[in-house]
Amino acid sequence: QVQLVESGGGLVQAGGSLRLSCAASGRTFSSSAMGWFRQAPGKGREFVAAIRWDNGYTYYADFVKGRFSISRDNGRNTVYLQMNSLKPEDTAVYYCAAGSRCTTINSCSDFWGQGTQVTVSS
């Protein structure tokens, strides 16, 4: 069984930064990629960023390009999401997940974390 535990969420002012972490434990070798998704109140869950474990290739949603950066530490089985220039519309629960590609919910369906709240005040 795989467990994904997110941390690093919180309250920040617009323009500020946060770094989210996702620590994976268990049989993580079965998943090729890790991704970050988010869900704002009253909205569906949407893709934010993804990274492959093997070659480090990264993928981003258009609305975070240039502001967010995803990275991994294979030795620690941990994936990070550095979020800069945060906006109030970035307010959401952020989830990490594991799967085959993780650029869509369907391709990131192996395991999901419980989520961490990010709130950006104006």
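Structural notes, computed from the coordinates.

Rules behind the numbers
- Residues numbered from 1 in each chain as written.
- Predicted model: local features only at pLDDT ≥ 70, side-chain atom pairs only at ≥ 80, totals over all residues.
- Heavy atoms only, no water.
- Salt bridge = Lys/Arg side-chain N within 4 Å of Asp/Glu carboxyl O.
- Pairing = 2+ DSSP bridges.
- Helix = DSSP H or I, 4+ residues; strand = E, 2+ residues; numbered from the N terminus.
- Axes fitted to C-alpha atoms, helices over the stretch in contact; angles between N-to-C directions.
- Phe/Tyr/Trp six-rings, centres within 6.5 Å; stacked < 30°, edge-to-face > 60°.
- Lys NZ or Arg CZ within 6 Å of the ring centre and 35° of its normal.
- Disulfide = S-S within 2.5 Å.
- Buried < 20%, exposed > 50% of the residue type's maximum accessible area, 1.4 Å probe, protein only.

1. Considerations on the pattern of salt bridges
Two side chains bearing opposite charge may form a pair once their charged atoms approach each other closely. The final tally for this structure, using the stated rule, is 6 salt bridges. With a closest N to O distance of 2.8 Å, Arg38 and Glu46 form a salt bridge. The closest approach of N and O atoms between Asp62 and Lys65, which form a salt bridge, is 3.2 Å. It is possible to trace a salt-bridge network through shared partners that takes in Arg38, Glu46, Arg67 and Asp90.

2. Looking at the sheet that holds strand E1 (residues 3–7)
If you trace the 4 strands from one edge of the open sheet to the other, you get E1-E3-E8-E7, paired in antiparallel fashion. Sheet topology places E1 and strand E7 (68–73) at the edges, where each strand pairs with a single neighbour. Sheet twist, expressed as the average angle between the axes of neighbouring strands with direction ignored, equals 15°. Bridge count for E7 against strand E8 (residues 78–83) is 6 bridges, and the pairing is antiparallel. From the neighbouring strand, Ser69 faces E8, where its bridge partner is Gln82.

3. Digging into the packing of aromatic side chains
Going through the model one piece at a time under the given rule, you end up with 3 aromatic pairs. An aromatic cluster is present here, built from Phe37, Phe47, Tyr95 and Trp112 joined pairwise through their rings. Arg45 extends its terminal NZ or CZ atom over the ring of Tyr95, reaching a point 3.8 Å from the ring centre. In this structure, Arg45 is placed above the aromatic ring of Trp112, and the distance from its NZ or CZ to the ring centre is 4.9 Å.

4. Quick notes on the state of the cysteines
In this structure the tally under the stated criterion is 2 disulfides. Two residues share a disulfide in this structure: Cys22 and Cys96, whose sulfurs sit 2.0 Å from each other. Judged by the sign of its S-S torsion, about 50°, the bond between Cys22 and Cys96 is right-handed. Of this pair, Cys22 sits in strand E3 (residues 18–25) while Cys96 sits in strand E9 (residues 92–99), and the two are 74 residues apart along the sequence. On the basis of relative accessibility, which here comes to 0%, the residue Cys22 falls in the buried class. Using a relative accessible area of 1% as the deciding quantity, one classes Cys96 as buried. Between the sulfur atoms of Cys102 and its disulfide partner Cys108 the distance amounts to 2.0 Å. Looking along the S-S bond of the Cys102-Cys108 disulfide, the torsion reads about 75°, which is the right-handed sense. Of the two residues examined, Cys102 and Cys108, each falls in the buried class. Each bonded cysteine of the protein gets a number by its place in the sequence, and the pairs then read 1-2, 3-4.

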